[in-house]
Structures are given as C-alpha cells and as structure tokens.
Amino acid sequence: MADSGDRRRFIYNLHEQSKPVGAVRWLPSVSPFLRLAAMSVLSPPAIEIHSFSSQSPNPNPDLNLVSSYPLPSSATSLTSFKSHNYTLIAASTSTGSLHIFSVNPYDGKIESQIISISDKDSFHCGPIQSIDVETSSTGECATAGEDGRVNLVLIGEDKVENFRVCESDGLVAYSAVKWGSPVEFVTGGVGPGLQWWDKRRPGGPVAQFKGVWGRGTVTGMIHSIDIHPSRKHTCVVGGSSGAVYAWDLRWQQQAITLAGTGLEAKSQPFSESEVWEVKYDAFTPQVSSTKVLPVMMCSEDGFLAVLQQDERPVQLLEEPCAINSFDIDPQNPSDVIVALEWESVGILSRGREETEMA
Amino acid sequence: MPGIPSDSSSLIPFALEGSSQPPPVYPLQHGLRAPIHRIHISWSRGNLLNVTCLRPPPDQQEEMAREDDEIGGKAVEVLLGGAILEGNIGEHKRRRIAYESVKSYAFLHDKKISLAKMETGDNLSAPALTYWWQYTLEYSKSIRDILGNARLHRPLIEDPKNFLKPEEVEQPIGTKAAWELMEIFYVDMQLLSWLPERLVDWLEGYDSLLSKTETVHSKLAILQRKVTSMRVVEDEPGYWNGLAAALAVGWLDVVAKLLRLHGSYDPDQFDKRETENGLVEAVVLLVSEMPRMRPNLPNGKLGICYQTKHDYIKGLEKWRVKVSGLESSPFWVHCNHRPTRDGLINLLHILLGDAKHIADATSHWLELFISHLLYIRPLTNGLEGMGNLAEKCMNLKPSANNGLTSLLAGILSENPEIVLADCLKAFGPWIVAHAVDLLTANSEYTDGLLNEERYQLGGASIGELYMLVYAQALASHPLTWQVAPAYLSTCLNQGRGLLEILLLRQPVQNYRVVLKTLEICHLYELGNISTHIMKMAGMYQWKHGHKGLGIYWFQQSRDKTRLSQIAHKLFDNIGKSLSDDSFKQWEGLMELLGSDVGIAGGLEFLHKYREFKRSLQQIVNGGTVEAAKKSTELLVQLMRNPSTPQRFWLPLLLDSVKLLEWRSGPLLGVSETNLLLGKLQELSMAKLRPDFHGGELKPNALGDVRLALAKNLGRAILEES
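Residues numbered from 1 in each chain as written. Chains lettered and ligands numbered in written order. Predicted model: local features only at pLDDT ≥ 70, side-chain atom pairs only at ≥ 80, totals over all residues. Heavy atoms only, no water.

1. Quick word on the overall build of chain A
Selection rule: The way it works is that DSSP assigns letters per residue, a run of H or I at least four long becomes a helix, a run of E at least two long becomes a strand, and they are numbered from the N terminus. A 1.4 Å probe rolled over the protein chains alone gives each residue an accessible area, and that area as a share of the maximum for its type sets the label: buried under 20%, exposed over 50%, partly exposed in between. Surface accessibility follows the Shrake-Rupley procedure with a 1.4 Å probe radius. Residue values consider only the protein chains on display as shielding.
Helices and strands together make up the secondary structure of chain A, namely zero helices and 29 strands. A total of 358 residues make up chain A; the buried ones form 59% of that total. Accessible area for chain A stands at about 14400 Å²; split by element, carbon and sulfur atoms hold 49% of it.

2. Section: helix H14 (residues 383–396) of chain B
Counted only if it meets this: Working rule for helices: expected span equals 1.5 Å times residues minus one.
The first and last C-alpha atoms of H14(B) sit 20 Å apart over 14 residues, in line with the 20 Å expected at 1.5 Å per residue. Among the residues of H14(B), Gly385(B), Met386(B), Gly387(B), Leu389(B), Ala390(B) and Cys393(B) are the ones counted as buried.

3. Digging into the pattern of salt bridges
The line we're drawing: Salt bridge, as used here: a side-chain nitrogen of Lys or Arg that lies within 4 Å of a carboxyl oxygen of Asp or Glu.
Counted according to the given criterion, the structure contains 36 salt bridges over all chains. Between Lys178(A) and Asp132(A) there is a salt bridge whose closest N-O contact spans 3.7 Å. Taken together, the positions of Lys178(A) in strand S15 (residues 174–179) and Asp132(A) in strand S11 (residues 128–133) put the pair 46 residues apart, joining distant regions of the chain. Its salt-bridge partner being Asp360(B), residue Lys356(B) comes within 3.0 Å of it at the nearest N-O pair.

4. Remarks on the confidence of the model for chain A
All names here are of chain A. Rules: The quantity known as pLDDT measures the predictor's confidence residue by residue, on a range of 0 to 100. Any two residues whose heavy atoms approach within 4.5 Å are treated as being in contact.
A residue-level look at chain A finds 87% of positions with pLDDT of 70 or above and a mean pLDDT of 84. The element-level mean pLDDT for chain A is lowest in strand S1 (residues 3–4), coming to 45, with strand S27 (residues 323–328) highest at 95. Confidence drops under pLDDT 50 across residues 1–5; counting only partners more than four residues distant or on other chains, this segment forms 14 contacts. Every residue in residues 353–358 scores below 50 in pLDDT, and together they form five contacts with partners more than four places removed in sequence or on other chains.

5. Focus on the sheet that holds strand S29 (residues 344–349) of chain A
Residues and elements named next belong to chain A. Threshold: Criterion used throughout: strands pair if DSSP finds at least two bridges between them. Axes here refer to lines fitted to C-alpha atoms; in helices the fit is confined to the stretch in contact. Angles between the N-to-C directions go from 0 to 180 degrees.
One open sheet accounts for four strands, arranged S2-S29-S28-S27; its pairing is antiparallel. A single partner strand is all that each edge strand has here, and the edge strands are strand S2 (11–16) and S27. This sheet shows a mean twist of 20° between the axes of neighbouring strands, independent of strand direction. Here strand S28 (residues 335–340) pairs with S29 via six bridges, running antiparallel. Of the residues in S29, the one forming a bridge with valine 336 is leucine 348.

6. Section: the side chain of His109(B)
All names here are of chain B. Under the convention used in this document: Think of a polar contact as two N or O atoms within 3.5 Å of one another; within protein, one of them needs to be a possible hydrogen donor and the other a possible acceptor, and neighboring residues in sequence only count if both atoms come from side chains.
Mapped onto the elements, histidine 109 comes out in helix H2 (residues 91–118). Here the side chain of histidine 109 touches aspartate 437 through a polar contact of 3.1 Å, side chain to side chain. Residues in contact with histidine 109, not counting those within four places in the same chain, are Asp437 and Thr490.

7. A word on the side chain of Thr87(A)
In this structure, Thr87(A) sits in strand S8 (residues 86–93). We classify Thr87(A) as buried; its relative accessible area is 1%.

8. Concerning the environment of Leu420(B)
All names here are of chain B. Along the chain, leucine 420 turns up in helix H16 (residues 416–427). For leucine 420, a relative accessible area of 0% translates into the label buried. For leucine 420 and valine 280, which are 140 residues apart along the polypeptide, the C-alpha to C-alpha distance reads 47 Å.

9. Focus on the sheet that holds strand S19 (residues 222–228) of chain A
Think of a sheet as strands paired side by side through backbone hydrogen bonds, with each pair either parallel or antiparallel. All names here are of chain A. Here we have four strands laid out as an open sheet, ordered S19-S20-S21-S22, and antiparallel in their pairing. The open sheet has two edge strands, S19 and strand S22 (255–259), and neither has a second partner. For this sheet, the mean angle separating the axes of adjacent strands, direction not counted, is 25°. Judged from the five bridges that link them, strand S20 (residues 231–239) and strand S21 (residues 244–248) form a sheet pairing that is antiparallel. Across the sheet, residue glycine 238 finds its bridge partner in S21, namely valine 244.

10. Some remarks on the nonpolar core
It is characteristic of soluble globular proteins that their nonpolar side chains tend to be buried jointly. What counts, and what does not: For our purposes a nonpolar core is just a set of buried Ala, Val, Leu, Ile, Met, Phe, Trp, Tyr and Cys residues, chained together by side-chain atoms within 4.5 Å.
Core analysis: the biggest nonpolar cluster contains 165 residues, and Leu304(A), Met182(B), Phe185(B), Leu220(B), Leu259(B), Phe369(B) and Trp553(B) have the highest contact counts within it. Residue contributions to this core peak at nine residues, all from helix H4 (residues 174–187) of chain B. Those residues in contact with Phe185(B) that sit more than four places away from it in its chain are Leu195(B), Leu199(B), Leu383(B), Met386(B), Leu408(B), Ile411(B) and Leu412(B). Of all hydrophobic cores here, the second largest spans 42 residues; its members include Tyr609(B), Leu653(B), Val657(B) and Leu702(B).

11. Overview of the confidence of the model for chain B
All names here are of chain B. Taken over all residues, the pLDDT of chain B has a mean of 80, while the share at 70 or more is 83%. Contacts of residues 1–10 to residues separated by more than four positions or lying in other chains number 13 contacts, the stretch itself having pLDDT below 50. At the level of chain-chain contacts, confidence expressed as ipTM amounts to 0.90, with global pTM at 0.82.

Next up, the structure:
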C-alpha cells in the first residue's frame, strides 16, 4: 500500500464547521499574516470567506468567518482568481446559475457582484458541474453542465457576453472543464473520454481521447481535470474507481495511469473509490523531467495523497470520512486546505520544523 | 415541532379506546387557516414524517374575490422519536458527537471481530477477555473525550475569594455524566476497591446537574456571588451552611479555602481573636488530613491517601481520635464568637459522621448518599450494600428524580434493562447504542441478557434493538445518514434489511450523491442494491432529458431491457435519415456506447451505424477499393445484426447503392447479395402491413435498390464462375 508521509513534519489542524462544506479554495493573500479562504457551504447555500492568522503564537489558529455571499441553490463548483488586481470568486450552482463577485484582498469582505447569470434557455438548464476561468489573457469563464451544454462567458468591461460552444441536448453530460491555453480547453464527463476544444474551430471537439478505465473492466466518470501552465499538452484526470491518469495530446492513444485499477496487476490500487479532485502539486519535487509532474488527489474514502509516475503514492491524510475537495495555495504550495464530509475543514502545512509541532 | 398549539389548527391523533394513559398530543404548526380539507402523511428517511395539509379547493367566485396571498396547502416535516441526544445540546454538536463516536465504535467492533477470529470456541478465553476489557476501557475513554473535555480557564492570579472552581467553558452535559457513571460501575474494574471515592469525584463534576436549585453546588454558587460583598463572613449563616454542605460531600479544598476567609485571619483582628483563629486553623488542618481510601489525589485536592484497607482503617482511627479530641477541647469556652463556635463544631460532627448533621447539610438524596459513603460507611463495597444505602437516603430526603439519579438507582438495583431504558428516556438513543458494550464488558450475565436473540423482537436482541433505534435516528438526517451503516452492519438480524432500505431511499438527483451511496453499497458488498440505485438514477436522468447520463447509469447497472427500450425511443429521435450534421450532436453519446465494457443493448446499432456512415463519407470523397470493401463489410454486418431496426434497412441499402455499383468490380459476393435481397424482400412484404413505418424516402427507392442489387448479383455470379 501507500507510504504514509513523514507526519512529523506536518502541521494539521481541523476546524469544525457547523454546516456541510462542499468546495474550498485559497484566496490570493496580500499580507503574509492574514490568510483568506473561500468555501461553499450548505444550509443555507452560500460562499463563505474565512480568514485565519498564519503567524499567531497559537498553534491552532481559528478560522473566522469574514463575509458570506448567498447562492440560490447549492454550489457545485468554486474557483478563485486574480484579475486586474481584483480578487474574484466564481461559483456555479445546481440550478444552473453562475455567480462572480469580487473580494477585498486585505480583509476578505465582499465588494461587489460582477456576474449573476441564470437562464434556462440561453445558459444552462440543470446543474453546472464545473467551471474554469482563463486568467492569462481573455478572462473567459467556461462552464460545463449536466445538461450537455458548454458555454463561454466573457467578462467584459461593461457587459457580459455568453457563447454557446456545445449544445448536446442532454445526449452527453459534462462534469469537468479546464482551460489549456487562452483558446483551448478540455472537458470530461460520463465515460472515460476527454474532449479537447478549440475556440477557433467551433462545431465540435477537435480531439477526442478514448480512455480505457481499469484494464477495461469498469467504466466511470471524470470528476476533475488539471493542466499545468508549463505543460499545456498534458491533462491529468481524476475519476471513478480511484483512477488518476495523465493524457498527453501528442500521444493520444495511450494514457499514463498514475493510480487506480488501471495499474499493473502486481501493484494494489491505492484507492478504489471516487477521486473527487486532482491538482498538480508544486511543493513535491519532480523526480524526472520526462515524467508527469507530481499530482495531489483526494478521494471519497478519505485519502489525500501525492502521486508520481512509477512511484509509490505518498499519503498525506487518511480521514475516516470523505475528502470532498482540496486546494493547494499557489503562493505557498506547502499549505493545503481540505473540505471533509463531516462538516469540517482541515489545513495542512507541510515541511515545517518539528519543533512547531508542539 | 415549534409553535404554540391553537384550537383551530392543531392536529390531534386518534385516541385509542380503553388505553390507560391518554395518548400524547403533539401540536403541529402549519400556519394554514382552518378548515383543513385533507392531510397526507408519508414516511421520509429514518423517523422523519412528511405531513401535507391541504385547504379545500377554492370556489371560482371565492377565487376572484380573495387576495392572492392565501396558500392552498403546506408540507411539514416531523421528526419523531426526538433527538439523538438529550435536548440541551445544539444540533451541530450532536452531529459532531455522532461523527466522532462512530470511529471509536467501529474500532471496537473491528477488535471484537479479530478477537473472535483468534478464538476457536464459542466463549472467549481468559486472555482474550482481558484484551476485550482493555479495548472497552479505551473505547469508553475515547467516547468520554468526545463528549467534551473539561477545559478550564485558569486565571493567572487567583482571587482568594474564589473558592468554587472556575466555570467550565462547556457546561457539563448530562450525557457525559451518565457515561462516566456507567464507566465507573461497568468497565473500570481497577476502581472497584475505591468506588465510594470515585463517586465523590463524579458528584463534584456533575452535582449541578442533579437539580437546578436544591444542590450543594447551587448553595455554594449563591455564596460565591455574595461573598465578595460580605464584610464579616463569619456572621452570615449562609457562610456556615455552605461550609457544612461542601464538607458533607467531600469538597475539602473548597472547605479549606472558605475557612481561610474567616475574619480571624485578618491581621488587624489577629491579636483579639487568637484562640478563635487557632480553632479555625485546627479544623482546616484536620480537614486537610482526612484519610481517603484511594490511590492518589489530583492536584489541589486535600486528604491523605491510603492504598490498602488495613492502613486506611488505622489512619482513620487515629484521625477520628484527633477530631474527637478537638471537639472536646477546653478552648471552645474561650471562643467568644458564637456563630464560629457553632459552625466549627457542626463541621466536626460531620467529620465524625453524625447522621443528623450530615442530613441537615445536604440537599439531595444523592448528596446524602455520597456523604454517608464518605463519613459513615467508607468501606461499603458491592452494589447490594450501596443499593440499600441509596434506598435509605431516598426515603430520608425525597427529592425529584431526574435521568441521572434514576440511572444510578437502576445501576445499583443491578438491572441492565432498566439502566438502558432509563438512559434512552433521559438521554436519547445515542448513549444507549454505545453503552451496550460497556454493560456487557465484564458481565457474562448481562452479555447473555442483552445479546440473546428474542423471538418477540423478530430475532433481534435487546442490544441490537437499541442499535437499530439509534441508526434510525441517524438515518433521518441528510447529513448523518452516512454514519448509520456502520451501526446497521453490526446488527446481525435486522441490520442488513434496514441498511438496504436506507440506501434505496437516498435521493438520486445528484450523481455525486449517488456515487457516495454506491460507495457504501460497495463497502458492504450490496451489489444488487447498487444495481437498483443505478437503475433508479438512470430513470431519473432519462426522464429529465439527461439522456447521456441516463444511458450511463443503465449501462453501469447492465440493464439490457431498458437500454433496448431507450434505443427505440432514440431511433425515433434520429428520424428517418441521419444527416452528417446531426451526427455531430450524437458524437459524445457514441463514445459512451462505443466503450468496450459498457453494454449498449439495442444502442449498439447506433455506434455501428455511425462507423458505416463515416466510412461511406470517405468513399464519397474519393476512396480506395480497400475503403470501399471495408464499408461493404460494415454494411453486411449491420444487415446481419438482429439489433438493426427494420426501419433503417432501406435507408442503409439506399446509402450503399454507390457501393453496389462500384466501377472496378462487384464488392459483394453472391451469398451476401442474396442476404441483402432477402432483407429487401422482407421489407416489401412488411410494407403491406398497416403498422409499417416507411419514412420519407423517395417513392422509387425500393426499386432503385432492387435494381442495384440485381446488377451486383449478376456481376458477382460472373466473377465467381
């Protein structure tokens, strides 16, 4: 089985929330002393901004609720990004609406609502399962829904434009979307396949990846896709049956399996349940430049682990309940925030000195 | 059920004739104006009831006249069976306890299973029993921690006037008190020899829970508030009453602190009241030297510990001689302050175990019981002796019983069934479900009693029954239902059936929730249930127009029947001719159908049809003979396949006229052409039937195809001969 990580060098704090937490994201922080995180909560559905002091003498700093943005229904996807010196948060809901609002980076207070779209005909009808914002140039938000629609929302200076990229009339259901470049993005859904789209060539996906899931014994669903900004041709994908694999656009026929039942028979699968989220982990050093970069994953059976090609997984957490979501702080990649099924949020700091453990 | 009952709008259950007790009435606030026309009641998850109240349908005229703000009906949820835990704990704290305790519970039961595997016989051997007892003790301690650690705020500078321990951050909860009580009596065997002292400690922690007004704790709390404003404490009767009360229940540190507040310690008065001060200090000294039959004392607590009975009796005798010596000392005559003299003598009487003084000092029977154990019968051992003593105290000081006191009475009467029933009534199903393991840890008799299968309970044991009650309570909340399977899986008789029902009742709207439910099915190896759930999810998605997701679930559940039915619906959608443009839309679905593992059922045809169309497209754009041959092969495969719907035969053949008239030679052999001709013949026969679905092909299509086939047959015969 997996190596359990060198726990002595970790600081892990659990913060109990009195409501279920769906997704968690770090927010870009301006001050090194005050950290901000956004989380989607239920009952009532909202996005909450929490702050905590990372430099306090208290080894277990409390998360403090700063502000809350109400949603019409439960959040399905959450992302935070910076644009023109604004900290923005985008969230989609299970009733097909998209909300983007700005947050003050100094104190976490909600400043203004930028977008709130909800239209059954021209936007989504049914849950939007995934959103992703292209931040390097266009600032476009791609939304993929269970209704089989893929939309692009352009956040302009004074108006909001919305393009339909794909209308499959419910024949397919999308559950994940990720930008690869300012004009290309990838979607995933039911079945192991991935679709590669190019804005310049409308009408349909420009490439299809036909994945084989678990040596062809099961099929599954894709829950999360990540693309590294420096390796835009490689998508890493997490989905059913503990599957995490990387797909290289240049070798479309063969995916590299990082975890799951697709591995060789000799190695036991690490986790056999749903992999809810995958992200490239910038903190773990890369072993070889020819291999897939280290990837972090969280799963329904409570694992948080770092996967590397041809290496044993390094297990960071083993919780008694599902880990629904996690985020690696882009500014401090050592810090990971996780959302647990049992109404709590955990903050994991890696690589600190042992003395701080006390 | 919030709200106040009102005569017109509350729902009254039907009263049973002849029952001795009136049925309980639960008013239900629905906010509708009378009269209520109809009520629908249906079960939701767990013990949650959905009640829908409808007003009479409005008349046409009334409708016109009335304002729009009147609601026609309302649905309310009613949680039956009350809370998982006692009422004064917040909802999220309850859920937290449920989440945390399942870990300890599951761990204990894993150990139980592994112990049972090691043993060959029916009964556990002695070493296994010791292990089992140790695991149970650990379990009990971990549950106690979950119920809340008494974290104290210790002020940096202690105010000498603060004699009560600082208020705990979390008020002690009754559930924890009950848990500790059961731990003391059922699990912690090492403590048996100093059981009375253990009870003294227990009372110190939870005295405030016995009653709101009539306890030693409440007496002292009032004194604590007053003491700061008192100028001469020893003149106040409340001071001496508080002292006597604290001493009676053995809070020696409080007594010492309180005595030191005595005015004679004041440096200004010291000279005048030297004897008085000497007497107070002598009592403080005696109190702090009181012999106690226990291994150790926590920091700040007073007394001298004795490990063995022999040493303790010797120490006690010596100490009592000292106390009587002080009582009969000539110095009392010189003590001019009368309240001090009386108060101190009263304390000495309590120390000497004078029953009357003790009875006066205590408020609750349980306190009286504890002080009897401390001063009169310190060597009481065994539950029977304690039970008799408790009965005596109850008669002496009749006080209102609450959950905790009746629990103690139940424990002392050695009746585990009563203990559990009392616990359930007072503290809810959580504690009962978890306490069964405590009760059975050291007693084979109790183990047999609680785990014996009973016919009248449908084969379940009492222990299992309580477990099921708790699991039902968990299952009624959308956030805690995932915890319930861990308990249901330990119920051997009824658990599995209920687990299946629970899983089947989970919502299927959100695929993530469905996946979580399937994960639990996988964990408990409930393959048939997961198939059912996938079918339900498939139906839901299909009905709501999410065809792809619906097909995915049907594929996962290997439901060939439904897939074939769906196939026919889809063919209608595709229509008569499938243009290349419309295929783009179907691309994603085709990918799904084409995956090697999924069963496509009738939908397999779609996938093959697209392949054929694609290859045909290549030929139109100028293809080689090889490509044409491949297309022909696909055509023959399609025509041979029984899942190809008849209505597609003609369009297929019409599309392949180009192939039949291939310039460089016939692509189809004789037998293959005959097959196609046969199909064509079948089609022209079918055309005569009234239910034939011909489509919008040109009228002479059949003729065109027939001609092309005949030509091809001719060429093929020539070629082959």
